[in-house]
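An overview of the molecular structure
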Amino acid sequence: MLVLGIETSCDETACAIVQNGTKILSNVVSTQIDLHAQYGGVVPELACRRHADILIPVLDRALKEANVSLSDIHRIAVANTPGLIGALLIGVNAAKALAMTTNLPLVAVNHVEAHLYASMMPLLQEGTPLSELFPALGVVISGGHTFLAHMESASSYKILGKTVDDAMGEAFDKVACILGLSYPGGPKIEQLAKTGNPDLFPLKPGRVKERPLDFSFSGLKTNVLYLAKGQGSNKHSVLQIGASDKNHLAASFQKVAFDDLVTKIRLTCQQALTPYKYLVFGGGVSCNLTLRETIQQAGNLPPALWPPKGLALDNAAMIAGLAYHLVPEPSPLHLEAKASFFIP
Ligand code: KG4
Ligand code: ZN
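Quick caveat, the model's predicted, so the values are computed rather than measured. (Residues numbered from 1 in each chain as written. Chains lettered and ligands numbered in written order. Predicted model: local features only at pLDDT ≥ 70, side-chain atom pairs only at ≥ 80, totals over all residues. Heavy atoms only, no water.)

On to the overall build of the protein. Tallying secondary structure elements over the protein gives ten helices and ten strands in all. For a compact globule of 344 residues, the expected C-alpha radius of gyration is about 20 Å, and the protein comes in at 20 Å, within 12% of that figure. With respect to the three principal axes, the spread of C-alpha positions in the protein is 60 × 45 × 30 Å. Counting all 344 residues of the protein, 54% fall into the buried class. Of the roughly 15100 Å² of accessible surface on the protein, a fraction of 54% belongs to carbon and sulfur atoms. The average position of the 27 basic charges and that of the 28 acidic charges among the side chains of the protein differ by 4 Å. (Helix = DSSP H or I, 4+ residues; strand = E, 2+ residues; numbered from the N terminus. Rg over C-alpha atoms; globule rule 2.2 N^0.38 Å. Buried < 20%, exposed > 50% of the residue type's maximum accessible area, 1.4 Å probe, protein only. Areas by Shrake-Rupley, 256 points an atom, 1.4 Å probe, with all protein chains shown as cover. Lys, Arg positive; Asp, Glu negative; His and termini not counted. Charge placed at Lys NZ, Arg CZ, Asp CG, Glu CD.)

What follows is the structure in structure tokens.
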């Protein structure tokens with residue numbers, strides 16, 4: 001089965017063709033980083049306009065690179081939640097139009113679930129049946145979401161702990177901004193941290209009263225701000241530390257954030273009634289190689305599944321891949337885009 005996936009939930013316009021849920025025939029991503037970097041974050045209105053301009057050329061390229069035409073496709077899949085509402089609408093409406101004109105089934109995909117699915121794709125490609133991966137602990141660490149989920153399947157899960165303020169990627173971006181680094185900040189923090197001493201600054205992880213599995217990054221971020229720009233400063237204040245301290249601060253922030261994640265993953269695993277077969281990581285922060293090392297060295301945890309190259313950041317191959325396992329919409333014209341998705 002050939003699935004055409006469409007992804008426009010934030011600042012990447014992407015289309016991909018995936019066969020039987022795992023074999024990627026094409027995976028075209030047009031990033032808008034250049035457009036948003038000067039503003040220090042994604043500007044929704046600009047993101048929507050760029051999606052509208054570029055989606056058809058991206059679709060054409062995805063078909064061409066896969067060496068197929070629309071008439072070879074069996075399903076259209078689109079990320080319809082969560083994300084920026086205007087941005088989601090561009091992809092959803094394009095997918096609806098395609099489904100209606102080609103008479104193909106339309107599948108709605110949750111973008112965050114697709115991030116987790118991306119990490120399962122290599123094992124599935126090797127022939128492991130999807131059902132054999134569960135129960136698994138889903139670890140979502142993206143720019144928009146951070147949570148731990150008990151997964152019974154690729155799309156049924158229970159949230160066990162979540163952030164009460166910023167997502168982890170967002171915290172990386174905000175700390176990067178404090179240190180004068182451009183958007184997106186995650187990869188730049190990782191880079192700076194390589195030459196920093198992670199034990200030099202006394203940072204503490206965020207705690208949420210009586211909810212040991214929940215995350216909070218806002219206190220940690222303010223801590224970084226005051227260390228970088230002085231007590232009581234704000235993000236517009238002038239940086240008061242030199243280059244080497246910047247590296248130490250980046251390293252200290254990264255270490256505290258990752259150690260906090262390990263602590264909560266471990267606690268979740270200890271509380272599980274049935275042991276998790278895998279830790280399934282999803283979202284942009286899972287690109288971070290220092291995190292992968294930290295998890296590997298933590299010991300006594302289930303084996304970790306990481307998104308393969310090209311599938312960690314926003315892309316449409318994960319959308320098309322997951323759609324293979326889902327049930328199409330009964331009525332494509334009624335599919336709606338939803339900005340936020342309910343976390344039980
Ligand atoms: O999953 P993603 O592409 O978008 C959302 O669905 O939100 O994640 C983007 C986020 C950004 O906040 C970015 O700074 C972060 O992932 N990120 C990283 C790294 N690469 C991307 N964070 C830490 N280390 C990285 N190497
Ligand atoms: Zn994403």
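Around ligand 1 there are 21 residues in total, and G143, G144, D173, E190 and G284 lie nearest to it. Residue G143 places a main-chain N or O atom 2.8 Å away from an oxygen atom belonging to ligand 1. Computed on the free molecule, ligand 1 has an accessible area of 550 Å², of which 90% lies beneath the protein chains in the complex. Elements that contribute at least two residues to the shell around ligand 1 include exactly α4 (111–125), α5 (168–178) and α6 (186–193). A per-element tally of the shell around ligand 1 places α5 first, with four residues. (Near = heavy atom within 4 Å. Polar contact = N/O pair within 3.5 Å; in protein donor to acceptor, adjacent residues only side chain to side chain.)

The next thing to look at is the coordination of the zinc ion (ligand 2). The coordination sphere of the zinc ion (ligand 2), as far as protein atoms go, consists of H111 (NE2), H115 (NE2) and D314 (OD), spread over 2.0 to 2.1 Å. When the donor residues of the zinc ion (ligand 2) are listed from N- to C-terminus, their spacing reads H-x3-H-x198-D. Remark: D314 occurs in the loop between β10 (304–305) and α10 (317–323) and H111 occurs in helix α4; sequence separation between them is 203 residues. As far as burial versus exposure is concerned, H111 and D314 are alike and both buried. (Donors = N, O, S within 2.8 Å, 3.2 Å for Na, K, Ca; no water.)

In a packed pair of helices, the relevant descriptors are the angle between the two axes and the axis-to-axis distance. It is the contact of helix α8 (residues 243–271) with helix α9 (residues 289–298), at a shortest axis distance of 10 Å, that shows an interaxial angle of 40°. By the angle class used here, α8 and α9 are oblique. The handedness of the crossing between α8 and α9 is right-handed. Residues Q254, F258, D259, L261, V262, I265 and R266 of α8 touch α9, and the partners they reach there are T290, L291, T294, I295 and A298. Considered class by class, the residues forming the contact of α8 with α9 number seven nonpolar, three polar and two charged. (Axes fitted to C-alpha atoms, helices over the stretch in contact; angles between N-to-C directions. Parallel < 35°, antiparallel > 145°, perpendicular 65-115°, else oblique. Left-handed = near helix turned anticlockwise from the far one by under 90°. Contact = heavy atoms within 4.5 Å. Nonpolar A, V, L, I, M, F, W, Y, C, P; charged D, E, K, R; others polar.)

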